[in-house]
Amino acid sequence: MSVVLNDLPFVDVYVRLDQHDKALYRSLIRADSKVSLFVPPEFQDSINRFADAIKEKMGDRVDGAITFEGVRCRLSRSHLSDGTTWVCARRINTVLPDINKLNLPSEVVNHMLGLGKRDGLILISGPTGHGKTTTAVALLSYYLKTYGGTAVTIEDPCEFIMHGRHGEKGQCFQNEVEKEEDWALGLKRAMRWAPNYIYVGEIRTPAAAEQLLRAATTGHLVMTTVHAGAMEEALMGIVFLAEQSMGSGVHNMLATGLTALVNQSMGEAGMNMKYVFTEENAPGDPIRALIREDKIGMMSTYVDRAAARLSMAAERRRST
């Protein structure tokens, strides 16, 4: 029986597109996950079919997604200095993640689950490949199933398939953008659908950052992911982009709209998360004040103290 791509235990597979060639992959098996291995010869026919399907699917696009032979992948194509063209295909788990099964710190998750009843902005930041999208999608799925309502997503590409019903009262509409200018337009159109939730895969343009803040301060719960090594970098990145589009007033709008900020990174011991939540209907909240006064760089001290308090509270609950 011939093998198919889904039989290959890969996280990432690197496939040449300008001609059929040997492919490489990073394994799902932890012991081999940090090295590049040649795809076994018995998969070559599947790899050749995969390369042809990618070329047909992507056209001239640099990024995209594809479902092929039982596996869904996110695609990133590059034309290299030696004249060859390759694509990195990252495996996507097609089963929607359960926020309670991601092995995240319970004191963070327990608080985040209740945020679906609020509006504002939830930022999930961290390095590339450390599960930001998985956490965001798991949260959105939980909110739709638990609280109901309508969600609109703007993504490039759509990774997890979320379109359709969630529970008895939740509905998700997914939108995939193709051009940089479509991010801001997609956000503007999303607000016309009167959604309870808006999920933005990534903020890439100044106009999109402005629309994100406007959505977060006009009665919607907006979630997005940000590539950043620290929470302060995530906030500063949003401010930097939005100021290019709307000038002054960004700090006040971000301070008003921010509901939660989480920075996550995967380590040897599991997921490490730093987080901060603002108080609802509290303009004088300390985090809001730091943002409004352009003192974002001082946030770490407050965050560490808040984390210690939450940890102590969780320990007291466990002991009673």
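Residues numbered from 1 in each chain as written. Predicted model: local features only at pLDDT ≥ 70, side-chain atom pairs only at ≥ 80, totals over all residues. Heavy atoms only, no water.

A few points about helix 3 (residues 132–147)
Here is step 1 of the chain: The first and last C-alpha atoms of helix 3 sit 22 Å apart over 16 residues, in line with the 22 Å expected at 1.5 Å per residue.
Here is step 2 of the chain: The set of residues buried in helix 3 consists of Lys132, Thr133, Thr135, Ala136, Val137, Ala138, Leu139, Leu140, Ser141, Tyr143 and Leu144.
Here is step 3 of the chain: Phi turns positive, to about 75°, at Gly148, one or two residues after helix 3. (Helix = DSSP H or I, 4+ residues; strand = E, 2+ residues; numbered from the N terminus. Expected span 1.5 Å × (residues − 1). Buried < 20%, exposed > 50% of the residue type's maximum accessible area, 1.4 Å probe, protein only.)

Some points on the sheet that holds strand 3 (residues 37–38)
Here is step 1 of the chain: Strands sit in the order 3-2-1-6-5-4 across an open sheet of six strands; the sheet is antiparallel. Edge positions in the open sheet fall to strand 3 and strand 4 (63–68), since each of these has one partner strand only.
Here is step 2 of the chain: Summarising the sheet, strand 1 (residues 10–16) and strand 2 (residues 24–27) pair through four bridges and their orientation is antiparallel. Opposite Phe10, over in strand 2, you have Ser27 as the bridge partner. (Pairing = 2+ DSSP bridges.)

What to know about the pattern of salt bridges
Proximity of charged atoms lets side chains of opposite charge pair with each other.
Here is step 1 of the chain: One pass over the full model with this rule turns up 13 salt bridges.
Here is step 2 of the chain: Across the salt bridge formed by Glu159 and Arg74, the nearest N and O atoms sit 2.8 Å from each other. Note that Glu159 is positioned in the loop between strand 8 (149–155) and strand 9 (164–166) and Arg74 in strand 5 (residues 71–79), a separation of 85 residues in sequence.
Here is step 3 of the chain: Across the pair Arg214 and Glu210 runs a salt bridge whose closest N-O atoms are separated by 2.9 Å. Taken together, the residues Arg214 and Glu210, both in helix 5 (residues 206–216) and four residues apart, mark about one turn of the helix.
Here is step 4 of the chain: Take Arg214: its relative accessible area is 33%, and that puts it in the partly exposed class. (Salt bridge = Lys/Arg side-chain N within 4 Å of Asp/Glu carboxyl O.)

Focus on the confidence of the model for the protein chain
Here is step 1 of the chain: Mean pLDDT over the protein chain stands at 88; residues scoring 70 or higher make up 94%.
Here is step 2 of the chain: The secondary-structure element of the protein chain with the lowest mean pLDDT is helix 9 (residues 299–319), recorded at 69, while strand 11 (residues 197–200) shows the highest, at 96. (pLDDT = per-residue confidence, 0-100.)

Details of the packing of helix 5 against helix 6 (residues 231–246)
Here is step 1 of the chain: It is the contact of helix 5 with helix 6, at a shortest axis distance of 7 Å, that shows an interaxial angle of 100°. As the angle between them shows, helix 5 and helix 6 are arranged roughly perpendicular. Together, Pro206, Ala207, Ala209, Glu210, Leu212, Leu213 and Arg214 of helix 5 and Ile238, Leu241, Ala242, Gln244, Ser245 and Met246 of helix 6 make up the contact between the two elements.
Here is step 2 of the chain: Taken together, the residues that form the contact of helix 5 with helix 6 break down as nine nonpolar, two polar and two charged. (Axes fitted to C-alpha atoms, helices over the stretch in contact; angles between N-to-C directions. Parallel < 35°, antiparallel > 145°, perpendicular 65-115°, else oblique. Contact = heavy atoms within 4.5 Å. Nonpolar A, V, L, I, M, F, W, Y, C, P; charged D, E, K, R; others polar.)

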